[in-house]
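# Fold and contact review
Residues per chain are reported as follows:
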Amino acid sequence: MDFSTSSRFEQENQLISRWISRLYLAVQDQHKRDFDAIIGAVGVKRGSDGGYAGTKEQFDTVMRRLRRVQPDIYFKFYEAMDLLELGLLGYAAFSSGSVRNAINVLLKYQDLTTSSFYFQSQERDGWLEITVVPFSSYLQHNNLIVEDALAGIWHFVTALMPEEEVTQACIVNFNYSSPELPEMYADYFGADIRFDAKQGSLILPPTVLASRIMTANSEMADLCLSVCDRVFGRLTAGSNLMHTVQRMVMTRPADRMPRLQEAAAELNMSPSQFRKKLYALDTSYRDIVLQSRMALAMHYLKSTALNVQEISYMLDYKNPSAFSRAYKRYFDECPIDTKLKSASDQMEAV
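Residues numbered from 1 in each chain as written. Predicted model: local features only at pLDDT ≥ 70, side-chain atom pairs only at ≥ 80, totals over all residues. Heavy atoms only, no water.

### Examining the pairing of strand β7 (residues 201-204)
- Residues S201 and I203 of β7 are buried on one face, and the alternating residues L202 and L204, pointing to the opposite face, are buried as well.
- Relative to β7, strand β4 (residues 127-134) is paired through four bridges, and the arrangement is antiparallel. When the bridges of β7 are listed, L128 appears paired with L204.
- Where strand β5 (residues 171-173) lies against β7, three bridges are found, and the strand directions are antiparallel. Pairing of V172 across the sheet is with L202, part of β7. (Buried < 20%, exposed > 50% of the residue type's maximum accessible area, 1.4 Å probe, protein only. Helix = DSSP H or I, 4+ residues; strand = E, 2+ residues; numbered from the N terminus. Pairing = 2+ DSSP bridges.)

### Section: the nonpolar core
- Residues I103 and F189 are the most contacted members of the largest nonpolar core, which totals 62 residues.
- Ignoring anything within four residues of it in the chain, the contact list for F189 reads F75, L150, A151, W154, T167, V172 and F174.
- By size, the runner-up hydrophobic cluster in this structure holds 20 residues, among which are Y118, A295, Y300 and I311. (Core = buried A, V, L, I, M, F, W, Y, C linked by side-chain atoms within 4.5 Å. Contact = heavy atoms within 4.5 Å.)

### Some points on helix α17 (residues 320-331)
- An ideal rise of 1.5 Å per residue puts 16 Å on twelve residues; α17 measures up with 16 Å between its terminal C-alpha atoms.
- Listed as buried for α17 are A322, F323, A326 and Y327. Angular distribution of buried residues about the axis of α17 spans 130 degrees; they occupy a single face of the element.
- Sitting at the head of α17, N319 places a side-chain oxygen 3.1 Å from the backbone nitrogen of S321.
- Positive backbone phi, at 65 degrees, marks D332, one or two positions downstream of α17. (Expected span 1.5 Å × (residues − 1). Arc of directions from axis to C-beta. Polar contact = N/O pair within 3.5 Å; in protein donor to acceptor, adjacent residues only side chain to side chain.)

### Here we look at the packing of helix α7 (residues 142-158) against helix α9 (residues 182-189)
- For the pair α7 and α9, interaxial distance at closest approach is 11 Å and the crossing angle is 20 degrees. One element, α7, and the other, α9, form an angle in the roughly parallel class. Here α7 runs over α9; the crossing is left-handed. Facing E147, L150, A151, W154 and H155 of α7, the residues of α9 in contact are Y185, Y188 and F189.
- In terms of residue class, the contact of α7 with α9 is made up of six nonpolar, one polar and one charged. (Axes fitted to C-alpha atoms, helices over the stretch in contact; angles between N-to-C directions. Parallel < 35°, antiparallel > 145°, perpendicular 65-115°, else oblique. Left-handed = near helix turned anticlockwise from the far one by under 90°. Nonpolar A, V, L, I, M, F, W, Y, C, P; charged D, E, K, R; others polar.)

### Observations regarding the packing of aromatic side chains
- By the definition in use, this model includes 24 aromatic pairs.
- When the ring of F174 is compared with that of Y185, the centres are 4.9 Å apart and the planes differ by 90 degrees; the resulting orientation is edge-to-face. On the criterion of sequence distance, the pair formed by F174 in the loop between β5 and α9 and Y185 in helix α9 is long-range, its members being eleven residues apart.
- On the basis of relative accessible area, F174 is assigned to the buried category, the value being 0%.
- Here a set of aromatic residues connected by ring pairs shows up, and it is made of F75, W154, F174, Y176, Y185, Y188, F189 and F195.
- For the cation-ring pair, K32 lies above Y24, with the distance from its terminal atom to the ring centre recorded as 4.0 Å.
- The side chain of R293 reaches across the aromatic face of Y317, ending 4.0 Å from its centre. (Phe/Tyr/Trp six-rings, centres within 6.5 Å; stacked < 30°, edge-to-face > 60°. Lys NZ or Arg CZ within 6 Å of the ring centre and 35° of its normal.)

### Re the pattern of salt bridges
- Applying the stated criterion to the full structure yields seven salt bridges.
- A salt bridge links R259 to D316, with the shortest nitrogen-to-oxygen separation between them at 3.1 Å. In this pair, R259 sits in the loop between α12 (241-250) and α13 (260-266) while D316 sits in the loop between α16 (308-314) and α17, placing the two residues 57 residues apart along the sequence.
- For K341, the salt bridge goes to E333, with nearest N and O atoms at 2.8 Å. (Salt bridge = Lys/Arg side-chain N within 4 Å of Asp/Glu carboxyl O.)

### Examining the environment of D337
- Turning to its location among the elements, D337 is positioned in helix α18 (residues 335-349).
- In the structure, D337 is positioned 36 residues away from L301 in sequence and 9.5 Å away in space, judged by C-alpha atoms.

Worth remembering: the numbers are spatial, not functional.
Spelled out as structure tokens, the structure:
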């Protein structure tokens, strides 16, 4: 293993190159030409050594386009992936003492592997729920992001302990209706799968979290984490202020949007400091809340069975009329029209 402290940029490039190479192996033979055409179209370069050079955003775009021709590509990609291909992150996870510790490592450095979403974790009565939260600018891809993220975290956990033990105890939630090919999900997860959930998440019981990892080595884990800290810094998905505020809005408790004063206090700022920092980014708290609300509204209307009244409540509007007015001002159409068009498009696709 190479413990050289290359830059975070170099680590990310190496990771993406390995992922694209692994993705090629997951593509069915009849779609290899599609793969070559897609990576060329999005600007991924292939070097003389056969490796690839691209960004996380380009990789995500390649995956989304490939899924149109090979619907199970996310699942096949992770089935072909070795956890150690995460480099330092993979070694640190495999060397952790338990599944819980390994998950903590993954969540701590999640910026390295994600660009369109982040994981939020919450523990209740010993059960851990890991929720996928897409950034508002990516919510139009919610279903694909949730499918990708949950397939990835599932592969991560099942690489650490016998899969049958995970399958028998865990719950996998998807915040959209059952897809056209639900058997793909059943084949890959084999667990208690629930569609039309409020949020996309994986719920792990205490027995799984406490499971010991056979490759655990405390000295190796400490060494890997020390190198990770030097290379990546103490990363969080909220290192960018706008993403931090978006996360606060998207993961608010209950169904109430945090007020500006509350958001500022959460970030240890005065309201005036908070306003000034957002103004310097050419935005405002009101704009971020509106953008997040509307992105969520569009997702709920197109991808769930929720009605307008339920959505207005979830987005903290006083009543459905106030929500409908705000939605029409933003998108220039009524929410019910969006829902009807989406239902019509889905019927035509069938």
